[in-house]
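# Descriptive structure summary
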Amino acid sequence: MGRTRLTGRVAAICLMSALTMFCLAACERADTNKEPKTGVAAFYDGRHIRWIIPYSPGGGYDEYARLISPYLEKYTGARVDIYNMPGAGGLRGTNELIGAPKTGLTIGSLNGSAMVVNELAGMRGADYKISEFVFLGRIVSDTRVLVVSLDSGYETFEEIWQAGEEVKIGATGLGGSTYVDAVIANVAFDLQLNVIHGFDSSSVLRQAMLRGDIIGSWGSWGSAQDAVDEGRHKIVLQSGVERMADLADVPTAFEMVEKTADPEYTRAILTAWESLHAVGRPVAVPPGTPPDRVQFLREAFAKALHDPELLAKAQASGRPISYASGEEMTKLVINATQLPDDIKQAFIGAVKGEL
Amino acid sequence: MGIIEGLSSGFLQAVSLDVFPFLFAGAVFGLLIGVIPGLSGHFAMAMIIPFLYSMEPAPGIAFLLGAHSTVAQGGGLTAIFFSTPGTGQNAATLFDGPPMRDKGLGAMAAGAALTACFLGATFGAVALALLLPGLQRIVLFFGPPEIFVLALLALTFVAVLGKEDIIRSLIAALAGLLLAMIGLDNVTNQERFTFGLIELRDGLELVPVILGLFAVAEMFELWVKGGSLTGTQTKILSAKETQKQIFQGVAEAFKHWWLVVRCSSIGAAMGLIPGLGSAPAAFVAYGHAKQSSKSPEEFGKGNIEGVIGSEAANDAVEGGALASTIAFGVPGSSSMAILLGALFILGQETGPIMLTQHVDVIFVMLFTIIIGNLIGMIGGMFLVNPLSRAVGVRASILVPVLLVIVFTGAFAVQRSLFDIGVALFFGIVGYLMNQLGYSRAALLIGFVLGFTVEKNLYLAVQLSGTDFIFDPIPLTLATITLLFLAYNVWTIIRDRRQAKTTRSEQQE
């Protein structure tokens, strides 16, 4: 009796799953019948693309990928699976990408600016050069900003300039981007700021600013935005040549050039610094991926990043997009890695903490 | 929005039909994740993140925090029945949970642990609600100098935990400090003890280390010993008796309400401080329970106070950890960092904006923690019976099955094969330590706090020179640390002298 009931139940489950599978298969067929695809598009249709994110879920890189992936699905016809692989400052995920099968089914976000800096300084651990990657395009370029706490009493960059040595600004680890920014700015403008490094993350830096331990720190515009909106911090300087639309009343580093003792040198340093930021956050495939698939992915990526719906969402969630094509990215990377010798030495010194 | 208004609105939202199903699903999901060794709250939250993109704020928060809040309850069950911490923060439950199981009181320990978790979480949430008006000022008290001294204070609890054999405990704690040094140094950016492996660059991951030290080591021991986890002395209880024991355990937790309050305060206070995390909180609470107990010699041999103390602190941490996240968007733990990312996805802003305009969202979080833990407590009770039966399975079957689960847990944290090796290595280390009488808890405390101590000491000295120790808060805390240490050293000497005199009396 018990046995028959069990058999009956198993049969029912089998039947139901068979029905479900049939329905799914039918749906899929109906879908493909709509527009028959040929060539590369047929290859991608219904396949899974693995998108490697070298950082944890919930972070900026992850959010961008999750924002963009539905649109990438829309224009490739493939399913996009986000694969977080944090560790070693992005190195683990990047190594995974370079070692992935060259089928065009694995793509990855890169922390471009940090990769260039590490390469300049000859950091160990990566067995590739950033220029080896084949770029699909750039999601966003870096805009770096100098943030100070409102309670610090400093309101403009000029005031900080005149303040001298007793002013402390914070940074994460030696060689981290907030540290490199601080030291490079010190070199470019001949600032005497005391850079205290060793803070864990941008959020710990914020706490230290609120406590008054430090007056401010460098950081990405994305992470500074919230704190500024809350009205506790103020941005006094932004990197770049022209002012960003969202930061129309904040001077750029280049606007300060004429006020320095040696404008030419300052401009050279800032230009190199800017080429670094231009690399930003690209998406790439491993070298050796078939060219027709690269071409297809590049086009899909371009369409996705120009989709008005995506742009509206990005705007609403405070995640700006500044697209650059794969070809442009290759040039930007070359531009950033081939610096004039004296400028390069200054950068290496900054990264290694020798300045 | 006023606090009262926010409170009622938050409560109504949490129990509304739009939100409660998600809260329930999250809480059950978290409980199951917690039962599986190695999968922690942080993992449960990461799995939920992709769903949030299409959700409204309140259900999204309830789903996410509901899962996070019950993980420790599930983990406590695994700790008691399988001598394997379900999550990192349940490691302290291992001292008295499994010995109770061996006495045939496993279900009672489980009932007490589940209830203590619920009470602790409620305490933590209420504490946070009471702190709300002055929250921002309170969080700002803790900078590098204060965190440094507090971490040092937490380190001295090694003295309480390892009183029986202070030399071996010190060796273990110092070995833990040494292990904490592995990885990229925050300050100089130099690699230390990484042997050129990029897998070691971020240091050893906490979860595989805990799984190795406790779970894998326990499996080795069981494997060597044979038989089953319960040994031969106890028979499997009937479902009815199990039920009776669970309710006895619940009653015990309420009976020790004063202990629950004290341990919850420790948990909530330590949660408040960014970077301390919940694993040390449970150990410190355990140490406190032992210190203040009438029968400290029974600790480690199946004293229910040990289970209640550490589990209460476990979940009280959440209320505290939420505080710094809400007040300034400064996450106190990796789970809170994920929560912060999730809040951003859900379009919520932390800081003054949330404190003044979205108080209801804060209360949705608080009620999620309380209701989630209540669901976890009731749901957990249903798991006690099957789990307590599985314990009787003989080692040759149980060990391979549990090892597969444990290694999967170790892998899942970072999708790293290397971490399986880490778990295996620390399994051997843990087994040897246990055989030779070294305290694994002391090693773990050293490991967890080592980096915090070092990093904050450096920052404190950089910011205000060595004089920072004379600032009011650090000075007070440092004095407490010294007094605490002195008292414990004194009791150790006294006990030793007493032991000596009784021994010589016996010889006469």
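Residues numbered from 1 in each chain as written. Chains lettered and ligands numbered in written order. Predicted model: local features only at pLDDT ≥ 70, side-chain atom pairs only at ≥ 80, totals over all residues.

## Quick notes on the overall build of chain B
Across its full length, chain B holds 22 helices and 2 strands. In terms of overall dimensions, chain B has a C-alpha envelope of 75 × 60 × 50 Å along the principal axes. Within the span of chain B, comprising 508 residues, buried residues form 58% of the whole. Restricting the contact set of chain B to residue pairs at least 6 apart, pairs at least 24 apart contribute 80%. (Helix = DSSP H or I, 4+ residues; strand = E, 2+ residues; numbered from the N terminus. Buried ≥ 20, exposed ≤ 12 C-beta atoms within 10 Å, placed from the backbone. Contact = placed C-beta atoms within 7 Å.)

## Describing the overall build of chain A
Scanning chain A for helices and strands turns up 14 helices and 11 strands. For chain A, the residues scored as buried account for 47% of the 355 residues in total. In chain A, once contacts between residues fewer than 6 apart in sequence are set aside, the share between residues at least 24 apart is 77%.

## Some words on the sheet that holds strand β5 (residues 144-149) of chain A
The pairing of strands in a sheet comes from backbone hydrogen bonds and takes either a parallel or an antiparallel form. Residues and elements named next belong to chain A. Read across the open sheet, the 5 strands follow the order β7-β6-β8-β5-β9; overall the sheet is mixed. Each having just a single partner strand, β7 (194-197) and β9 (233-238) make up the two edges of the open sheet. Direction aside, the axes of adjacent strands within the sheet are offset by 35 degrees on average. Helix-sheet contacts for helix α7 (residues 177-189) involve β5, β6 (168-171), β7 and β8 (216-220), and the interaxial angle to β8 is about 120 degrees. (Pairing = 2+ DSSP bridges. Axes fitted to C-alpha atoms, helices over the stretch in contact; angles between N-to-C directions.)

## A closer look at the packing of helix α3 (residues 60-76) of chain A against helix α12 (residues 308-316) of chain A
Residues and elements named next belong to chain A. In contact at an axis separation of 10 Å, α3 and α12 are set at 170 degrees when each is read in the N-to-C sense. The angle between α3 and α12 falls in the class roughly antiparallel. Judged by residue contacts, L67, I68 and Y71 of α3 engage L310, K313 and A314 from α12. (Parallel < 35°, antiparallel > 145°, perpendicular 65-115°, else oblique.)

## With respect to the environment of F214 of chain B
Along the chain, F214 of chain B turns up in helix α11 (residues 206-225). Apart from residues lying up to four places away in sequence, F214 of chain B is in contact with T84, P85, A91, L94, G430 and R440 of chain B.

## Some details on the packing of α11 of chain B against helix α20 (residues 417-436) of chain B
Residue and element names in this part refer to chain B. It is at 6 Å that the axes of α11 and α20 come closest, and there the two elements cross at 55 degrees. Taken together, α11 and α20 sit at an angle that is classed as oblique. The handedness of the crossing between α11 and α20 is right-handed. Between α11 and α20, the residues in contact are P208, V209, L211, G212, L213, F214, V216, A217, F220 and E221 and D419, V422, A423, L424, F425, F426, G427, V429, G430, Y431 and N434, respectively. Class assignment for the residues of the contact of α11 with α20 results in 15 nonpolar, 4 polar and 2 charged. (Left-handed = near helix turned anticlockwise from the far one by under 90°. Nonpolar A, V, L, I, M, F, W, Y, C, P; charged D, E, K, R; others polar.)

## Observations concerning helix α5 (residues 112-120) of chain A
Residues and elements named next belong to chain A. For α5, the buried fraction is high: 8 of the 9 residues fall into the buried class. Among the residues of α5, G112, S113, A114, M115, V116, V117, N118 and L120 are the ones counted as buried. Buried residues along α5 sit in contact with α7, α10 (263-279), β10 (281-285), α13 (326-337) and α14 (341-352). One or two steps after α5, the chain reaches G122, where phi turns positive at roughly 65 degrees.

## Some thoughts on α20 of chain B
Residue and element names in this part refer to chain B. The end-to-end C-alpha separation of α20 is 29 Å, in line with the 28 Å expected for 20 residues at 1.5 Å each. All buried positions along α20 are accounted for by D419, V422, A423, F426, G427, V429, G430, Y431 and M433. On the buried face of α20, the contacting elements are α10 (166-180), α11, α19 (395-412) and α21 (440-464). Just downstream of α20 lies G437, where phi reads positive at about 80 degrees. (Expected span 1.5 Å × (residues − 1).)

## Looking at the environment of V413 of chain B
All names here are of chain B. If you trace the backbone, V413 turns up in the loop between α19 and α20. Given 20 C-beta atoms within a 10 Å radius, V413 is considered buried. The sequence separation of V413 and S40 amounts to 373 residues, and the corresponding C-alpha distance is 8.4 Å.

## Here's the deal with the pairing of β8 of chain A
Consecutive residues of a regular strand have side chains that alternate between opposite faces of the sheet. With 5 of 5 residues buried, β8 of chain A lies mostly within the body of the structure. Burial along β8 of chain A is two-sided: the face carrying G216, W218 and S220 of chain A and the face carrying S217 and G219 of chain A are both buried.

## Digging into the interface of chain A and chain B
On the chain B side, the residues contacting the 31 residues of chain A number 34 residues. Taken together, the elements giving at least two residues each to the side of chain A that touches chain B come down to α3, α4 (91-98), β7, α8 (202-211) and α9 (221-229) of chain A. For the side of chain A that touches chain B, a count of residues per class yields 11 nonpolar, 11 polar and 9 charged.

## A closer look at the environment of D81 of chain A
By the element assignment, D81 of chain A lies in strand β2 (residues 79-84). Along the sequence, D81 of chain A and T172 of chain A sit 91 residues apart, while their C-alpha atoms lie 31 Å from each other.

## Brief notes about the domain arrangement of chain A
All names here are of chain A. Looking at chain A, the domain boundaries give domain 1 (39-141 + 280-340) and domain 2 (144-276). A straight line from the C-alpha centre of domain 1 to that of domain 2 covers 28 Å. Counting residues at the interface gives 10 residues for domain 1 and 8 residues for domain 2. Put simply, the parts of the chain that give the side of domain 1 that touches domain 2 at least two residues each are α5 and α13. For the side of domain 1 that touches domain 2, the leading source of residues is α5, giving 4 residues. (Domains from an automatic or database assignment.)

## Some words on the nonpolar core
Residues and elements named next belong to chain B. Core analysis: the biggest nonpolar cluster contains 268 residues, and A62, L64, A109, F283, A285, L366 and I445 have the highest contact counts within it. Looking at which element gives the most residues to this core, the answer is helix α6 (residues 106-131), with 17 residues. In this structure, A62 is in contact with A14, V19, F22, L23, G26, V364 and T368, ignoring residues within four places of it in sequence. (Core = buried A, V, L, I, M, F, W, Y, C linked by C-beta atoms within 7 Å.)

## With respect to the pairing of strand β4 (residues 134-140) of chain A
All names here are of chain A. With respect to burial, β4 is a largely interior element, 7 of its 7 residues being buried. Examined bridge by bridge, β4 and β10 share 5 bridges and lie antiparallel to one another. Within β10, the residue paired with G137 across the bridge is V283. One ladder, built from 2 bridges, connects β4 with strand β11 (residues 324-325); its direction is antiparallel.

## Examining the sheet that holds strand β1 (residues 48-53) of chain A
All names here are of chain A. The mixed open sheet is built from 6 strands, whose spatial order is β2-β1-β3-β10-β4-β11. Unpaired on one side and paired on the other, β2 and β11 mark the two borders of the sheet. The pairing of β1 with strand β3 (residues 106-109) spans 3 bridges and is parallel. Residue pairing in the sheet places W51 in a bridge with I107 of β3. In this fold helix α11 (residues 291-306) packs onto β3, β4, β10 and β11, with an angle of close to 10 degrees to the strand it touches most, β4.

## What about unusual backbone geometry?
A positive phi angle is found at D190 of chain A, which is not glycine, with a value near 55 degrees. Position of D190 of chain A relative to the elements: it lies in the loop between α7 and β7. For D190 of chain A, a count of 13 C-beta atoms within 10 Å corresponds to the partly exposed category. Its identity is not glycine, yet S83 of chain B carries a phi of approximately 55 degrees, on the positive side. By secondary structure assignment, the location of S83 of chain B is in the loop between α4 (57-82) and α5 (97-102).

## Notes on the domain arrangement of chain B
Residue and element names in this part refer to chain B. Along its sequence, chain B is carved into domain 1 (1-142 + 209-231 + 255-423) and domain 2 (143-204 + 439-503). Computed over C-alpha atoms only, the centres of domain 1 and domain 2 are separated by 24 Å. Each partner contributes to the interface: domain 1 provides 21 residues, whereas domain 2 provides 20 residues. Every element with two or more residues in the side of domain 1 that touches domain 2 is listed here: α11, α14 (278-292) and α20. Looking at which element gives the most residues to the side of domain 1 that touches domain 2, the answer is α14, with 7 residues.

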